[in-house]
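So you can see what is in the structure, the chains are spelled out below.
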Amino acid sequence: TRRIDSSINNMSGSNAPLYAKRSLRVIHAESDDGSTEYKRQVHKLSTSRLHTLATQMSYRLDEGHGRCTYHIGVEDDGCHSVLDYSAVSESAWVLESIARSLNAVVLERKMIQNEIEMSDDGKLKLVDNINDVLVVEEPPVLSSGIDGFNCEDEKEEKSCGDDEEASKKKSVRKLSAADEAYTRCELTIQRVETHLLDPSPLSLSSLSRGSSFADGVNGAVEASTLSNLERLKLSSPASTTCRKEESKVAGETNDTQHTVNTVEETLSTRNIRVAVVGNVDAGKSTMIGTLTTSFLDDGRGSSRTSIMKHRHEIESGRTSTSSSHLLGFRHSGEPIAGRDKIRANKMKTEDEIARESYRIVTLMDLAGHEKYLKTTIHGVSSGFADYAIVLVNSRHPPTHMTQHHLNLCCSFGIPIIVVFTKIDGCPEHALATSKNELAKLLKSPEIGRRPFAIKTEQDIITSMGKLHTLAPTIDISCVTGEGLDLLRKMLFSLPKRRRHEKKVDRPFEFLVEDIFLNVPGVGSVVSGFVNAGELNVGANCNVYVGPTNDGTFLKTVAKSAHVARINTSHITAGQSACLAFSLNKELRKKLRRGMVVVQESPTATKEFDAEICVLKGEGTTIRRSYQAYVHILNVRQSAFARDIQIVNNNALGLPPSHNAKEDTEGIVLRPGSRAKVRFEFAQRPEYIRPGMRMLFRDGRVRGVGIVTGIPQ
């Protein structure tokens, strides 16, 4: 198949020798589609060009279902670019760094020489004997993340280390770095599903500033210390075997072995979700900003501006939407700073925090103002919080909003941690008054908690396991930093309460919390929470999204997914993720919050049965045709009470005053009574299944319950 283009002999002019050199075809021409890309040389690139190359590589990976091949030193028509070894090696290093930024690794790096030789008349030609072509498999420059693949594919009975050393010796002995040693390279790139790679040793912006190839190699070697190598191994069976052998030789302790974790495992089984609620002036966003950035507040709101989403929130200081922020911890309990220590203005992204962390605490910032109470209730209902932090301004007694937030958390059975903020400069009598007032609220029958002051680390250990009866209280200041270390240790010590990994075997269920109709280059994207099951996204991943306003579901393809801004092909129960769908413009308009994504063909319903309990407190009367706003996980809609049946309260030991009563208009429910109620949604059908927890309100929370059945 190799040939010398006959048109060379007809060329004339000063550029004829150059065209002649690059007219030696070694492989077939490049195709616009598919998973193969040709590059002559990649070096000294601008930031915009690097992002273009990254987008191009992502496309090739998608075309090859996670794997692509790059031919370096080759023209688009398949002709040899006639470059020396150093130019090709530098290009391969840049492309490997770009692959790392896309969460991909180089599985195979082949250097090919001796394909071109000088003829007797002084012209270049392809070698006559194909056996003279030298093909050497070199280890990738950033090889710390792919040892598992090398071990798995190796057919000979040798250790991973021996193979790598042998490959290095072979490449040094046979490959030539002379100018006349014309070289081309084949890179096989694989997208990594387990996300065990650190960010690239040099970022794309660093590459665009003209970093040299030697600097990149030094950076890669520096990042490949023994501890990093152990942490960066891929979780394949072969790499696990190699890792055990290396551990025996190195004599590593169990603590070192604990650092080998997958990001997928960290973001699911070791991810604790904490809802942060409190009155409007309690300092919720400031506390979250201080914890996640590791920088103290200046007393004028500098910390909260780093996490707020909208301009009006920054200007008014009031949070109006719910947002999530990651607080990472290493295995020792040391918090991971969310802001770069050298460049204070640069914040770490979620994927950087997730890759460095052994345990993650997801802090959900909720609104505190009374007019945003509906948003706060929805955030607690759909957030699957393991714990709740209730903030109280130490300079003012608890308000009625504090009581609403306490009732809300207890209605969902969420353990409470109370944090008194702004204790710097707070008068002692004001702090004592706030604590006494809060103690009265906690000890009330609706809450039923006993306050427990956290002063030392031993107090944290004492409170663990008793959070359903105790309410730990911590005094902090985001300006002076007082109490923040105790709060961080408290968060790190919290055990996982919701075991979503036990729901992996159930059918896949993804709850949609937000929608993005037109993401450039991607299309329609939804974000939400994986409530059950697992999903492998790709071209063959058919899912159902809905229900729409008429109760139907849209059948589409989940083509890609992100978890903590990390591209992945697999999502599992307990993760907050984003899914990209293949929907046209008309179908995109039907997407809304509150939908569900499932794999099996589902059905929507407009009616459901629930067993409810009317909360004690302000007087309310519930009878037939009672209308309330219902929250069922991520679903929120008005509903009517169509039918009410009395539950035997005497079996529960409740006093006769709590029984539902019957009058001339039918059954009437009073605060504290229990009943079975059939609700009907007022607007559209929703996806509801038995076992879902519900909350209903008419302005304020009136009752809670559990969905017991769906009428046929």
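Details of the structure are given in the entry above.
The written sequence of each chain sets the order in which its residues are numbered from 1. Side-chain atom pairs in this predicted model are given and counted only at pLDDT of 80 or more, local residue features only at pLDDT of at least 70, and totals for whole chains, interfaces and linings cover all residues. Hydrogen atoms and water are omitted, and side-chain values are computed over all heavy atoms in the structure.

**Observations concerning the overall build of the protein chain**
When its secondary structure is counted, the protein chain shows 20 helices and 33 strands. Per-residue accessibility, obtained with a 1.4 Å probe over protein chains only, is compared with the maximum for each type, and a residue is labelled buried under 20%, exposed over 50%, and partly exposed between these values. Scored against the burial criterion, the 712 residues of the protein chain give a buried share of 52%. Areas reported as accessible are Shrake-Rupley estimates using a 1.4 Å probe. Residue values count occlusion only from the protein chains shown. Accessible area for the protein chain stands at about 32,800 Å²; split by element, carbon and sulfur atoms hold 47% of it. Working definition: helices are DSSP H or I runs of at least four residues, strands are E runs of at least two. Numbering for both runs from the N terminus.

**Considering the side chain of Asp-365**
As for its position among the elements, Asp-365 is in strand β12 (residues 359-365). When charges are counted, neither His nor the chain ends are considered; positive counts come from Lys and Arg and negative counts from Asp and Glu. Any carboxyl oxygen of Asp or Glu within 4 Å of a side-chain nitrogen of Lys or Arg constitutes a salt bridge here. Buried charge without a partner: Asp-365 forms no salt bridge, and the closest opposite charge is Lys-284, 5.8 Å away. The contact criterion used throughout is that any non-hydrogen atoms of two residues lie within 4.5 Å. Apart from residues no more than four positions distant in its own chain, Asp-365 is found in contact with Val-276, Lys-284, Ser-285, Ile-288, Ile-307, Thr-319, Thr-321, Ser-322, Ser-323 and His-325.

**Comments concerning the environment of Met-694**
Relative to the helices and strands, Met-694 is located in strand β32 (residues 693-697). In this structure, the C-alpha to C-alpha distance between Met-694 and Ile-632, residues 62 residues apart in sequence, is 4.4 Å.

**Examining the packing of helix α2 (residues 47-63) against helix α3 (residues 85-101)**
Contact geometry for α2 and α3: axes closest at 10 Å, N-to-C directions at 70 degrees. With respect to α3, the element α2 is oriented roughly perpendicular. Crossing geometry of α2 relative to α3 is assigned as right-handed. Seen from α2, the contacting residues are Leu-50, Leu-53, Ala-54 and Met-57; seen from α3, they are Val-94, Leu-95, Ile-98 and Ala-99. Each residue receives one of three labels: charged for Asp, Glu, Lys and Arg, nonpolar for Ala, Val, Leu, Ile, Met, Phe, Trp, Tyr, Cys and Pro, and polar for the others, Gly being one of them. Of the residues contributing to the contact of α2 with α3, the split by class is eight nonpolar, no polar and no charged. Helix axes are fitted only over the stretch in contact, all axes being lines through C-alpha atoms; the angle between N-to-C directions runs from 0 to 180 degrees. Roughly parallel means an angle under 35 degrees; roughly antiparallel, over 145; roughly perpendicular, 65 to 115; everything else is oblique. In a left-handed crossing the near helix is turned counterclockwise from the far helix by less than a right angle, and in a right-handed crossing that turn is clockwise.

**A few points about the sheet that holds strand β4 (residues 67-72)**
As summarised here, the arrangement of the five strands in space is β3-β4-β9-β5-β8, forming an open sheet in which the pairing is mixed. At either margin of the open sheet sits one strand with a lone partner, and together these are β3 (36-39) and β8 (134-138). When strand polarity is set aside, the average angle formed by the axes of neighbouring strands in this sheet is 20 degrees. Any two strands with at least two DSSP-identified bridges between them are counted as paired. Where β3 lies against β4, four bridges are found, and the strand directions are parallel.

**Section: a negative patch on the surface**
In this scheme, patches are assembled from residues that exceed 30% relative accessible area and form no salt bridge. Like charges are connected within 9 Å, while nonpolar side chains (Val, Leu, Ile, Met, Phe, Trp, Tyr) are connected within 5 Å. By convention, the charge on Lys lies at NZ, on Arg at CZ, on Asp at CG and on Glu at CD. On the surface, Asp-32, Asp-33, Glu-63, Asp-76 and Asp-77 cluster together to form a negatively charged patch. Among the secondary structure elements, Asp-33 is positioned in the loop between β2 (24-25) and β3. Relative accessible area serves as the criterion here: at 52%, Asp-33 is assigned to the exposed category.

**Structural notes on the pattern of salt bridges**
Summed over all chains, the structure comprises 26 salt bridges. Of the charged contacts in the structure, one is a salt bridge between Arg-592 and Glu-686, with a shortest N-O distance of 3.2 Å. In this pair, Arg-592 sits in the loop between α20 (585-588) and β25 (596-598) while Glu-686 sits in the loop between β31 (674-681) and β32, placing the two residues 94 residues apart along the sequence. Both residues of the pair, Arg-592 and Glu-686, count as buried. Counted as one network, the salt bridges with shared partners bring together Glu-30, Glu-37, Lys-39 and Arg-60.

**Notes on the packing of helix α16 (residues 400-411) against helix α17 (residues 428-443)**
In a pair of packed helices, the angle between the axes and the distance between the axes together describe the arrangement. Across the interface, α16 lies against α17 with an axial gap of 11 Å and an inter-helix angle of 35 degrees. Seen from above, α16 lies across α17 with right-handed handedness. Residues Thr-402, Gln-403 and Leu-406 of α16 touch α17, and the partners they reach there are Leu-438, Leu-441 and Leu-442. Classifying every residue of the contact of α16 with α17 gives four nonpolar, two polar and no charged.

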